[in-house]
Amino acid sequence: MVESVYIESSVISYLTARPNRDVVITARQAITLGWWHNHRTEFELFISALVIKEISKSDEHAAQQRINATEGLPLLQTSDQALSVAEELIAQGAIPVNSEEDALHIGLAASAGIDYLLTWNFKHINNAQTKKKIVSVVETHGFTCPILCSPEELGEEI
């Protein structure tokens, strides 16, 4: 059985971004491109309407490139269970107030039974200090928490 991956918005942004002078951003762009070209076919990929909403913001040309990159990827539906997990992540302090979208990404992936949530969001999602809280909230809702990781952690060689 092929494992599933929920692609969070930051991954799509790094995938299609213009070259950057910041060495960390440049490295993340290269890792994302490498993962996309060499590993994405190993998984069943999913996005959501939330991802589409987030990648549609800003410069119209750049937004269109991001949208084009996600063409054909199946959309996870925003269920009551996903919303409930997201609300509880905020209520329990696993995800900070005003970061509801980050909580919803986790809720969507968890409630759909996705194996991995792929993200470059180290502030709220793929964060060593918050992962334990996130897993606890997700499991309290009866779901298995997807593995929260970056493209670098999911098979990409540097």
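Residues numbered from 1 in each chain as written. Predicted model: local features only at pLDDT ≥ 70, side-chain atom pairs only at ≥ 80, totals over all residues. Heavy atoms only, no water.

(A) Quick look at helix α5 (residues 80-91). Between the first and last C-alpha of α5 there are 16 Å, a value that for 12 residues agrees with the 16 Å anticipated at 1.5 Å per step. Within the span of α5, buried status applies to Ala82, Val85, Ala86, Leu89 and Ile90. Viewed end-on, α5 has its buried residues packed into an arc of 135°, placing them on one side of the element. Among the exposed residues of α5, those pointing more than 90 degrees away from its buried face are Asp80, Glu87 and Ala91. Contacts made by the buried residues of α5 are with α6 (100-111) and α7 (128-140). (Helix = DSSP H or I, 4+ residues; strand = E, 2+ residues; numbered from the N terminus. Expected span 1.5 Å × (residues − 1). Buried < 20%, exposed > 50% of the residue type's maximum accessible area, 1.4 Å probe, protein only. Arc of directions from axis to C-beta. Contact = heavy atoms within 4.5 Å.)

(B) Region of the structure containing the sheet that holds strand β5 (residues 147-149). Taken in spatial order, the five strands make up an open sheet running β3-β2-β1-β4-β5, and their pairing is parallel. Here the strands that pair on one side only, and so sit at the sheet edges, are β3 (75-76) and β5. Judged from the three bridges that link them, strand β1 (residues 4-7) and strand β2 (residues 44-48) form a sheet pairing that is parallel. If you follow Val5 over to β2, its bridge partner there is Leu45. (Pairing = 2+ DSSP bridges.)

(C) Structural detail: helix α2 (residues 23-38). For α2, spanning 16 residues, the distance from its first C-alpha to its last is 22 Å, which sits close to the expected 22 Å at 1.5 Å a residue. Listed in full, the buried residues belonging to α2 are Gln29, Ile31, Thr32, Gly34, Trp35 and Trp36. For α2, the secondary structure elements touched by its buried residues are β1, α1 (9-16), β2, α4 (60-69) and β4 (116-118).

(D) Region of interest: the side chain of Thr119. Here Thr119 lies in the loop between β4 and α7. Relative accessible area serves as the criterion here: at 0%, Thr119 is assigned to the buried category. In terms of polar contacts, Thr119 uses its side chain to reach the side chain of Ser10, at 3.4 Å. Within the structure, Thr119 has its side chain in polar contact with the backbone nitrogen of Asn121 (distance 2.8 Å). Residues in contact with Thr119, not counting those within four places in the same chain, are Glu8, Ser10, Val11, Ile125, Asn126, Cys149, Ser150 and Pro151. (Polar contact = N/O pair within 3.5 Å; in protein donor to acceptor, adjacent residues only side chain to side chain.)

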